[in-house]
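Structural description and commentary
For reference, the chains in residue letters:
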Amino acid sequence: MPLMDFISAFVDLRPVASGAVGHCPFHDDQHPSFGVNKEGNYWQCFSGCGSGSIIDFWMKWKGIEFPQAVAELAEILGVVK
Ligand SMILES: [Zn+2]
C-alpha cells in the first residue's frame with residue numbers, strides 16, 4: 001500500500017503536484033504544513049514535527065516504539081517483514 005493511501009485514511013489530504021498536503025496531525029496546525037511526497041514515498045511536517053516513512057508516521061500517530069510500530073503495521077497491511 002502506498003504511503004499516501006495509508007496516511008489519507010488518518011489525515012485529510014489535498015492532492016498537489018508532488019503528492020498531497022494537509023493539516024499536520026502532530027501539532028496545532030493553522031496551515032497545511034503536512035506534506036506527503038508521492039515519488040519519494042515519505043511524509044514531512046514543515047513546522048518541524050518530523051518526517052519519514054510509514055513506520056515513522058505510525059510511531060508518532062500511536063506514540064509507540066519502533067518494534068511495536070513495525071508489528072502493528074505488518075498486521076494492518078498484511079505483510080510479513
Ligand atoms: Zn506538525
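In the block above lies the structure referred to throughout.
Residues numbered from 1 in each chain as written. Predicted model: local features only at pLDDT ≥ 70, side-chain atom pairs only at ≥ 80, totals over all residues. Heavy atoms only, no water.

**What about the side chain of Glu 72?**
Selection criterion: Numbering of helices and strands starts at the N terminus; helices are DSSP runs of H or I of at least 4 residues and strands are runs of E of at least 2. Any pair of N or O atoms that falls within 3.5 Å is considered a polar contact. Within protein, one atom must be able to donate a hydrogen and the other to accept it, and sequence-neighbouring residues count only if both atoms are side-chain atoms. Between two residues, a contact is recorded if the distance between any of their heavy atoms is within 4.5 Å.
With respect to the helices and strands, Glu 72 occurs in helix H3 (residues 66-77). A distance of 2.9 Å separates the side chain of Glu 72 from the side chain of Lys 62, its partner in a polar contact. Those residues in contact with Glu 72 that lie beyond four places of it in its chain are Trp 58, Lys 62 and Ile 64.

**Topic: unusual backbone geometry**
For clarity, the threshold we go by: Relative accessibility decides the category of a residue: with a 1.4 Å probe and only protein chains considered, values under 20% of the type maximum give buried, values over 50% give exposed, and everything between is partly exposed.
Not every positive phi belongs to a glycine, and Asn 41 is a case in point at roughly 60°. By the secondary structure assignment, Asn 41 is in the loop between strand S3 (34-37) and strand S4 (42-45). Look at Asn 41 and you get partly exposed, because its relative accessible area is 41%.

**A closer look at the coordination of the zinc ion**
Reference values for angles at a metal are 109.5 degrees in the four-donor tetrahedral case and 90 or 180 degrees in the six-donor octahedral case. Our working definition: Here a donor is an N, O or S atom found within 2.8 Å of the metal, or within 3.2 Å if the metal is Na, K or Ca; sites may look incomplete because water is not among the atoms. Between 85 and 135 degrees for all angles marks four donors as tetrahedral; over 155 degrees for opposite donors together with 65 to 115 for all other angles marks four donors as square planar and six as octahedral; every other arrangement is irregular.
Protein coordination of the zinc ion is provided by Cys 24 (SG), His 27 (ND1), Cys 45 (SG) and Cys 49 (SG), with donor distances spanning 2.0 to 2.3 Å. Given four donor atoms and angles of 101 to 123° at the metal, the environment of the zinc ion is assigned as tetrahedral. Every donor residue of the zinc ion comes from the same chain, spaced as C-x2-H-x17-C-x3-C.

Everything listed here is a matter of coordinates, which is why it stays silent on function.
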